[in-house]
Amino acid sequence: MQYDPKDIEQKWREKWQNDKTYRVLNDASKPKYYVLDMFPYPSGAGLHVGHPLGYIASDIVARFKRHQGFNVLHPMGYDSFGLPAEQYAIQTGQHPAKTTEENAARYRQQLDAIGFSFDWDREVRTSDPSFYKWTQWIFIQLFESWFDHEAQRARPIAELIARFEEQGWHPSDACALTGDVEEELGAFAATEWNAFDERTKQRILQHFRLAYLSEAWVNWCPALGTVLANDEVKDGVSERGGHPVERKRMPQWSMRITAYAQRLIDGLDTLDWSDSIKEAQRNWIGRSEGALVRFKLKNKDLTPGPSPEERGVSASDSRFRETTNGFLWTKLIERAKHMRSNPTEAEELLWQTIRGHSTGGRIRRQHIIDKFIVDFVSIPKQLVIEVDGDIHDLQQEEDALRTLHLGERGFKVIRFRNEEVLRDPEAVRLRIIAELDARPDIAKDDERADEEHSPLSTEEELGVRSHFSPLPGRGVGGEVEVFTTRPDTLFGVTFVTLAPEHELVELITPAERRDEVMAYVTMAKNRSERDRMADVKKVSGVFTGAYCIHPFTGKEVPVWVGDYVLGGYGTGAVMAVPGGDQRDWNFASHFGLPIIAVTEGADISKEADERKDAIICSEGFLKGLAVPEAITRAIDELVKLGAGERRINYRLRDAAFGRQRYWGEPIPIYYKDGVPYALPESELPLKLPDVDKFLPTEDGEPPLARAANWNYQGHPLETTTMPGWAGSSWYFLRYMDPQNEGRFASPEAIDYWQQIDLYVGGSEHATGHLLYFRFWTKFLKDRGYINFDEPAKKLVNQGMIVGVSKYFQEVRVDPSIKAVWDKKPKQLHIRRNGTLLKSIEIPVPTAQDVTGHHVFCSYGCRLDLDFFDPATGDYIKTVRAEDRADSDFVSEAVIDSKSEYVIRPLDGWLRAEPVYRPIVITDRAVDAYWHYEPGKRQWLSFNDEPLENQELAFWTLRPEIEKMSKSKMNVVTPDEKLRKPIGLFAKHIGYYFNEADSIVRIPGIVEKYGADTLRLYEMFLGPLEQSKPWDTNGIEGTFRFLRKFWNLFHGVGDAFGVTDDAPTKPELKVLHATLKKVTEDIEKMSFNTSVAQFMIAVNELGSLKCTKRAVLEPLVVALAPFAPHIAEELWQKLGHNTSITTAVWPKWDAQYLVEDNFSYPISFNGKTRLQLEFPIALDAKSVEAAVLANPEVQQRLEGKAPKKVIVVPKRIVNIVV
RNA sequence: GCCCGGGUGGUGAAAUGGUAGACACGAGGGACUUAAAAUCCCUUGGUCCGUAAGGGCUGUGUGGGUUCGAGUCCCACCCCGGGCACCA
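Throughout what follows, the structure given in this document is the object of discussion.

Thoughts on the overall build of chain A
Counting its regular elements, chain A contains 36 helices and 47 strands. Put simply, chain A shows about 51,500 Å² of open surface, and 50% of that area lies on carbon and sulfur atoms.

What about the pattern of salt bridges?
As enumerated under the stated definition, the model contains 48 salt bridges in all. For Arg-294, the salt bridge is made with Glu-479, and the minimal N-O distance between the two is 3.9 Å. A residue pair is termed long-range when its members are at least 10 positions apart, and Arg-294 in strand β10 (residues 288-297) and Glu-479 in strand β16 (residues 479-484) qualify at 185 residues. The same class applies to Arg-294 and to Glu-479, which are both buried. Across the salt bridge formed by Lys-778 and Asp-789, the nearest N and O atoms sit 3.0 Å from each other. In this pair, Lys-778 sits in helix α26 (residues 769-782) while Asp-789 sits in the loop between α26 and β28 (795-797), placing the two residues eleven residues apart along the sequence.

Considering the packing of helix α33 (residues 1109-1119) against helix α34 (residues 1124-1133)
Between α33 and α34, whose axes approach to 8 Å, the crossing angle comes to 150°. Taken together, the axis directions place α33 and α34 in an arrangement best described as roughly antiparallel. Once α33 is placed against α34, the crossing between them reads as left-handed. Residue-level contacts link Glu-1113, Val-1116, Val-1117 and Leu-1119 of α33 to Ile-1126, Ala-1127, Leu-1130 and Trp-1131 of α34.

Remarks on the packing of aromatic side chains
Enumeration over the complete set of coordinates arrives at 62 aromatic pairs. Between the aromatic rings of Phe-657 and Trp-776, the centroid separation amounts to 6.3 Å while the plane-to-plane angle is 35°, which identifies the pairing as tilted. Highlighted residues: Phe-657 in the loop between β22 (655-656) and β23 (669-672) and Trp-776 in helix α26, separated in sequence by 119 residues. Both residues of the pair, Phe-657 and Trp-776, belong to the buried class.

Some remarks on the side chain of Lys-778
Classification of Lys-778 as buried rests on a relative accessible area of 1%. Polar side-chain contacts of Lys-778 include one of 2.9 Å to the side chain of Glu-790.

Let's talk about the packing of helix α10 (residues 261-268) against helix α11 (residues 275-285)
In contact at an axis separation of 10 Å, α10 and α11 are set at 160° when each is read in the N-to-C sense. Classified by the interaxial angle, the pair formed by α10 and α11 is roughly antiparallel. Read as a crossing pair, α10 and α11 show a hand that is left-handed. Here Ala-261, Leu-264, Ile-265 and Leu-268 of α10 lie close against α11, whose contacting residues are Lys-278, Gln-281, Arg-282 and Ile-285. For the contact of α10 with α11, a count of residues per class yields five nonpolar, one polar and two charged.

Some points on the pairing of strand β18 (residues 541-549)
On a regular strand, one side chain projects to one face of the sheet and the next to the other, so that they alternate. The pairing of β10 with β18 spans two bridges and is antiparallel. Looking at the pairing, Lys-296 lines up with Ile-549 of β18.

Here we look at the pairing of strand β3 (residues 145-148)
Side chains Ser-145 and Phe-147 of β3 all project onto a buried face; the interleaved residues Trp-146 and Asp-148 project onto the opposite face, where all are buried too. Of the pairings in the sheet, the one linking β3 to strand β4 (residues 153-156) comprises four bridges and is antiparallel in character. Its bridge partner lying in β4, Asp-148 is registered against Arg-153. Hairpin connection, β3 to β4: the antiparallel pair is bridged by four residues, and Gln-152 has positive phi, about 55°.

As for the sheet that holds strand β1 (residues 32-37)
Strand order in the open sheet formed by four strands is β2-β1-β27-β28, with parallel pairing between adjacent strands. A single partner strand is all that each edge strand has here, and the edge strands are β2 (71-73) and β28. If you compare each strand with its neighbour and ignore which way they point, the axes differ by 20° on average. Where strand β27 (residues 758-761) meets β28, three bridges bridge the pair, whose relative direction is parallel. Following the sheet pairing, Tyr-759 is matched in β28 by Leu-795.

A look at the sheet that holds strand β44 (residues 1157-1164)
Spatially, β45-β44-β47-β46 is the arrangement adopted by the four strands of the open sheet, whose pairing is mixed. Both edges of this open sheet fall to β45 (1167-1175) and β46 (1204-1208), since each of them pairs with a single strand only. Going from strand to strand, the sheet's axes swing by 20° on average, the running direction of each strand aside. Sheet topology note: the β44/strand β47 (residues 1212-1216) ladder contains three bridges and is parallel. Bridging across to β47, Ile-1162 finds its partner in Val-1213. The sheet strands contacting helix α35 (residues 1180-1189) are β44, β45, β46 and β47, and the helix crosses β46 at an angle near 125°.

Details of helix α4 (residues 96-114)
What sets the pattern is the α-helix's 3.6 residues per turn: residues three or four places apart point alike. With 19 residues, α4 should reach 27 Å at 1.5 Å per residue; the first-to-last C-alpha distance of 27 Å fits that figure. Those residues of α4 that fall on the buried side of the exposure criterion are Pro-96, Thr-99, Thr-100, Asn-103, Ala-104, Tyr-107, Gln-110, Leu-111, Ala-113 and Ile-114. Following α4 by one or two positions, Gly-115 has its phi on the positive side, about 80°.

A look at a nonpolar patch on the surface
Taken together, the side chains of Ile-1206, Val-1208 and Ile-1212 define a hydrophobic patch exposed on the protein surface, amounting to about 180 Å² of accessible area. Taking the relative accessible area as the measure of exposure, Val-1208 reaches 32% and is therefore partly exposed.

Topic: the environment of Gln-382
By the secondary structure assignment, Gln-382 is in the loop between β12 (372-378) and β13 (383-388). Among the residues examined, Gln-382 registers a relative accessible area of 3% and is labelled buried. As a C-alpha pair, Gln-382 and Val-413 span 31 residues in sequence and 8.7 Å in three-dimensional space.

With respect to helix α22 (residues 627-641)
Taking 1.5 Å of rise per residue, 15 residues should cover 21 Å, and α22 covers 21 Å from first to last C-alpha, within 8% of that figure. Considered for burial, the residues of α22 that qualify are Val-627, Ala-630, Ile-631, Ala-634, Ile-635, Glu-637 and Leu-638. Considered in projection along α22, the buried side chains sweep an arc of 160° and stay on one side of the axis. Buried positions along α22 lie against β10 and β21 (644-649). The positive-phi residue at the C-terminal boundary of α22 is Gly-642, with phi of around 70°.

Here's the deal with unusual backbone geometry
Residue Pro-685 is reached from Leu-684 by a cis peptide bond, and omega for that bond is -5°. One can find Pro-685 in the loop between β24 (675-678) and β25 (711-712). Here the phi dihedral of Lys-1105 falls at roughly 50°; this positive angle occurs in a residue that is not glycine. Relative to the helices and strands, Lys-1105 is located in the loop between α32 (1087-1103) and α33. With relative accessibility at 68%, the residue Lys-1105 sits in the exposed group.

Reading the values: rules and limits
- Here the residue numbers are simple positions, counted from 1 along each chain's written sequence.
- The lettering of chains begins at A and the numbering of ligands begins at 1, in the order of writing.
- Totals for whole chains, interfaces and linings use all residues, but because this is a predicted model, local features are given only for residues with pLDDT of at least 70 and pairs of side-chain atoms are given and counted only at 80 or more.
- The side-chain values count all of the structure's non-hydrogen atoms but skip hydrogen atoms and water molecules.
- Counting from the N terminus, the helices are the DSSP runs of H or I reaching at least four residues and the strands are the DSSP runs of E reaching at least two.
- Residue-level accessible areas treat just the shown protein chains as cover; the underlying method is Shrake-Rupley with a 1.4 Å probe.
- A pair is scored as a salt bridge if a Lys or Arg side-chain nitrogen falls within 4 Å of a carboxyl oxygen belonging to Asp or Glu.
- Residue exposure (1.4 Å probe, protein chains only): buried if accessible area is under 20% of the type maximum, exposed if over 50%, otherwise partly exposed.
- Simply put, an axis is a line fit to the C-alpha atoms, just over the touching stretch for a helix, and the angle between two N-to-C directions goes from 0 to 180 degrees.
- Any angle that is under 35 degrees is reported as roughly parallel, and any over 145 degrees as roughly antiparallel; angles of 65 to 115 degrees are reported as roughly perpendicular and all others as oblique.
- Handedness of a crossing follows from how the near helix is turned relative to the far one, being left-handed for an anticlockwise turn of less than a right angle and right-handed for a clockwise one.
- Working rule for contacts: check all heavy atoms of both residues, and any pair within 4.5 Å makes them a contact.
- Only Phe, Tyr and Trp rings are paired, with Trp represented by its six-membered ring, and only when their centres lie within 6.5 Å; those with planes under 30 degrees apart are stacked, over 60 edge-to-face, the remainder tilted.
- Under the rule applied, a polar contact is a pair of N or O atoms within 3.5 Å (in protein, one hydrogen donor and one hydrogen acceptor; residues adjacent in sequence only if both atoms are side-chain atoms).
- All amino acids are sorted into three groups, where Ala, Val, Leu, Ile, Met, Phe, Trp, Tyr, Cys and Pro are nonpolar, Asp, Glu, Lys and Arg are charged, and the leftover types, Gly among them, are polar.
- Two strands qualify as a pair provided that DSSP identifies no fewer than 2 bridges between them.
- A helix is expected to reach a length of 1.5 Å times the quantity of its residues less one.
- Like charges are joined within 9 Å and nonpolar side chains (Val, Leu, Ile, Met, Phe, Trp, Tyr) within 5 Å, but only among residues with over 30% relative accessible area and no salt bridge; these make up the patches.
- Summarising the geometry, the arc corresponds to the directions from the helix axis toward the C-beta atoms.

Structural data, given as structure tokens:
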């Protein structure tokens, strides 16, 4: 009887489903085991072979544990909120819920086809209201909590309020309450707190809540009607379509994950996760210990700005409106007043023309916005009008910078020249009106803020909606704050360097140095990050002309600006110790600044001494101390002087939690007086409302703003939605008790299932999902909802299955020949050294060529298909195929019959390119090069002829193992005969797979070989954690194995031929050796070697012609986790009525593995020469004697006595001559 | 630059410091067959000697080291992949 997987597998799939074989009960009488896979995003592309790799592995473990008597929770669900469905909805108008449902159904079908032992009764979907009710509920708990840094745990916000009511807030509380992670906050007394109005209190609390509202800049593209991610914006225009993009400020929910930074680091030590993931998380959190040091500025003018108290600001709203520091504030007010009373002629003329309501709206003059004083501004329209005087180059640069800066704050800047205003002020007025009319009302003008009294435009007034600026700080006026990890090197400080972005730069720079410094700042700021990366070695900077005072020595220290200091890290300033820090050393040597040795034995003439095991040699109280002691001592001294304190700095930033999107969990928040409040629990779930379009509104409000009656008791509801990681941060808990309507999961269920014992998923989630997921778990623990602090004990990252990808590559036999595709006439121009040789007309591929072909991206990569109008060659649209694995993005571009297309790498630099026919890639030949033959109107392979004979070879697709390279431009290494004119393609890899090689043809593989073969094959490919190329060449081998296994049970005819005869010793040995290896390997998750062992067993039993039940039956059980269908069928044929899943795992017995003899490899000087068999029992001495007595050994010794003989029992004999 | 992985036949890969290449694919040869499919058998790291049986040398990225013995441990370097990046 032939092994025919088709019928068998169909039969068992149905039976499992009908019998609910894989249902899991919360059965406390059995030990539990929780195996979880990272759930997938149900994309339209369906599963590809990368998905099931991890699922198969976890399924094997789950089944194995079940055989061992564990109650195993092994659920599956969908991370079903997400962008692709929304994108599709925008294009087609179809509700994302519908496509999501369809896609999930398809996934289910495919997953079922592979025979997973999931308990589908426990399926969860993050987009299901009964699920996201609890995501919202957890959000509210976060909103209603703050982090007590002293106790290192989250507590209810009510306890913080109680504390404020009793003791207020003191600067000395900063560490306890904010962990010094926040900006320094201003203080208030209990009486003050109690006197605050509700609104003020709420806004202060925002600084403590774990889910809080702040504001952030987004890239708003009016033409596309959407917010774009940073990497979708290139040079100020959208990557797709090239539409202008504006920076726009939007209210933004955030998660205070920074509060948990320390615990997230500490917890890693308790986890059985891979080192690389742990390292990635540590890196991401980026803890550094050190000190905050304050250097007083020398310049007398630069006295600190008044504190809020000193300024006499009462405890009212206004104290929270300030956006700049106190120091800047006083300076700017002074200057604004001065400028207002001394206008230029043109300014005054224009002011008279546009003042009052003569433009239809109110215009203010000499107004402070952020740190600039602008000439005129309309607050509601966020339009700045500037009148420029004489313009020289430097001024132009500065103006450009200022325009950019204001633009970032949502302002448009228009400029008029002095002459324009003086010549025809009315024309200028009309243009201003036109500009004003063209802009929507963006901000409310606060009429209370009368210009004469308050020239300050606060962010409060400018915000789209209410938001919260930092509490007033103590101000940085008069001092430079630096963070250092090496306060022990303080005596080696010879200068201080500020980041170009540092706001002190323009304030401390004396007038005579202003031009030079600002020119540098402009240049440095404009240097793109890529430029900075490109030449790390290049040192640049400028002296500000200012000095500060060394806190220990009292000496003057020059203040420089250097672009090696980053604005976004620490305080944006460093104390430079060229003797102890290489970057400082580079800077100092470049500019001839003094370099002082800080450590004994350092040779500072060539490089800095960064050793941390050195002795400090600086004169003073640190001399002779080792680094760690010196650090402690230095901090003590700083504290005594009030010049600094101990500080731990983290790189981790709070996580943005709001998305301007439709297809996500609504945030359960409403606004009263512009202040956010949590919805009562009884209102949950707050369901996604219906909207007419899934697009943002014209003025940039998120899609939910389109919903009718989107309010709670008349108060507007939040319109942003949660990000993809919200649901995935706690879904593992819901599986424990998925139908619970009164709680996210019952305490009993949580108590029983506890942590995930084994979590399997891709490593690309290292710093995203896996961090948030730990964060939420810790939070829920803190608030007493669960009793463990880490979600997953063991984590295994399955490697990517990578496709053999095809690189675009230009191939030229003669490097002087260049082929350039001209889009317009659709011609390929071939030039040699610039001289046109000929032009070839190339038709755009026709629809028939490509219809129905899927274009896929493998993990972590993406591919853009540009669609061009075949008639004109004009660009129509881009379809992106993107895959960031599992739950992030999996998408596809299916070529539809209406579209014609060419392929273009992402960057857009290749706008002129020859037309590809991706279909040619279906050729499997490694060395298939293609060129276009106009006469035959088809692309031809060069295979028949040597490449050298071709007149021209241009674009080709070169197979290569996929590399997830995001930034490397140099990965393409062409083979010898190819020239490599460009490496850029490597950055943008397109992946194509034909039917035979397809990564996605799971149904196809299952159809042809069966699910058991697929399962075995994926496991057989190699170690689970290693990434490996997918090719189906080897699949025959595993299929043959299953057939041989099947044949062991069946005689020559169709009969089931298992006998009850007693097994022989060799048969038992094969059995037990296999059981041993397989049992141990599953525990090690080394599946490829277990499959190999099964193959060995089958081959050996085949040779032994073993048909004995006593041998075959245990083997069936052992194979069941790997190949459940065939195992069930054989199990039934062996006469069992119950599912094999209930069978007890067969134990191996060492007695059958005992050998009587061992064949010793006899080596001479480590080189094996012959084998000699001796009884196992023979001791080392006797073995040695027997070996030396052997004639062949004697012959090799040539009569000489061996120097030494090493006998390792049951291993080896080594004779040293 | 820093931090993690990794580098073994034509390919996927095995190998508690103890016979490198298990197992599988592919390839070559053979058997069966009218033929194909399927199945089975043999060979298969390189190289040299030998008619053959057999034997020698060499071989796990490179160079050193430890050891009776190194793919495995140590040092230095090269290359590949991933993460972070002028992180103070």
